Amino acid sequence: GAGVSQSPSNKVTEKGKDVELRCDPISGHTALYWYRQSLGQGLEFLIYFQGNSAPDKSGLPSDRFSAERTGGSVSTLTIQRTQQEDSAVYLCASSLRWGLAGDGELFFGEGSRLTVL
Amino acid sequence: AQTVTQSQPEMSVQEAETVTLSCTYDTSENNYYLFWYKQPPSRQMILVIRQEAYKQQNATENRFSVNFQKAAKSFSLKISDSQLGDTAMYFCASRIQGAQKLVFGQGTRLTINP
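Report on the accompanying structure. Because the structure is predicted, anything quoted here is derived from the model rather than measured. (Residues numbered from 1 in each chain as written. Chains lettered and ligands numbered in written order. Predicted model: local features only at pLDDT ≥ 70, side-chain atom pairs only at ≥ 80, totals over all residues. Heavy atoms only, no water.)

Moving on: the interface of chain A and chain B. Across the boundary between the two partners, chain A contributes 28 residues, which contact 20 residues of chain B. Here chain A meets chain B over a buried area of about 2000 Å², counting both sides, of which 48% is carbon and sulfur. Where chain A meets chain B, there are 0 salt bridges. Remark: the boundary between chain A and chain B carries 7 residue pairs in polar contact (both at pLDDT 80 or more). Within the residue set of the side of chain A that touches chain B, elements represented by two or more residues are strand 4 (31-37), strand 5 (43-50), strand 8 (88-95) and strand 10 (112-116) of chain A. (Contact = heavy atoms within 4.5 Å. Buried area = accessible area lost by both parts, 1.4 Å probe. Salt bridge = Lys/Arg side-chain N within 4 Å of Asp/Glu carboxyl O. Polar contact = N/O pair within 3.5 Å; in protein donor to acceptor, adjacent residues only side chain to side chain. Helix = DSSP H or I, 4+ residues; strand = E, 2+ residues; numbered from the N terminus.)

Structure representation (structure tokens):
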């Protein structure tokens, strides 16, 4: 498809289980972001990948959260030993690496809604 | 630190009216970019309009325009002739030039009533 694709769309899991969320960015986009959107809240930055550079993990809330990006394309966000406070919509976005224009428009997927019981 | 604040959690107007959503931000940088994103019930965020801080002219995209007041660090969005399809969450965001992170506000839930 032409847009950012995320799966699963919805995930319900039990507390303590591990979950994996997948993001397939727009072809050719070298930058990939994960954000978390909790109910009634804004978007919280989690992690950023740019090409082969080391990812910016500064937004990951705990060591239970990790992400990888294989082959510079698909990314997986993993949450280990899920807690109820992890319940949120996890949004993925991609962008072309900005050049001189520098506006860095992000294109978002529809998100993965995670519910931890 | 970069912060974005949207002080209106919810707004509601009648179809065809004009509505203005407020946004303030705080940054010590001189070069940055500002954005308004729309998130309809489908959850997919869509860029509505963007503004480069070095440009004095306010950005306009059809029915959407901004009032960018750099000294006041204010970046409001005006929607003219509002339509039912404008019903969505609206997020204000900023990014420092050269930085990777887009920092978002808390969002404003806008409802357009028939």
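Counted under the stated rule, the structure contains 5 salt bridges over all chains. E44 of chain A is paired through a salt bridge with R36 of chain A; the nearest N and O atoms lie 3.0 Å apart. Relative accessible area serves as the criterion here: at 32%, E44 of chain A is assigned to the partly exposed category. Relative accessible area serves as the criterion here: at 9%, R36 of chain A is assigned to the buried category. The partner of D26 of chain B in a salt bridge is K73 of chain B, and the shortest N-O contact between them spans 3.3 Å. Separated by 47 residues along the polypeptide, D26 of chain B in strand 4 (residues 24-26) and K73 of chain B in the loop between strand 8 (64-69) and strand 9 (74-79) bring together distant segments of the chain. (Buried < 20%, exposed > 50% of the residue type's maximum accessible area, 1.4 Å probe, protein only.)

Now for the pairing of strand 9 of chain B. All names here are of chain B. Of all 6 residues in strand 9, 5 are buried, a share of seventy percent or more. Note: strand 8 against strand 9, 6 bridges, orientation antiparallel. Counted as the bridge partner of F68 is F75 from strand 9. Hairpin connection of strand 8 to strand 9: 4 residues between the antiparallel strands, including K73 at a positive phi of 55°. (Pairing = 2+ DSSP bridges.)

Another aspect to go through is the state of the cysteines. Disulfides are covalent bonds that link the sulfur atoms of two cysteine residues. Residues and elements named next belong to chain B. If you walk through the whole model with that rule in mind, you get 2 disulfides over all chains. For C23, the disulfide goes to C92, at an S-S distance of 2.0 Å. Here the S-S torsion is close to -70°, and the disulfide linking C23 with C92 is therefore left-handed. Of this pair, C23 sits in the loop between strand 3 (19-21) and strand 4 while C92 is found in strand 10 (residues 88-96), placing the two residues 69 residues apart along the sequence. Across this residue pair, the class does not change: C23 and C92 are buried. (Disulfide = S-S within 2.5 Å.)

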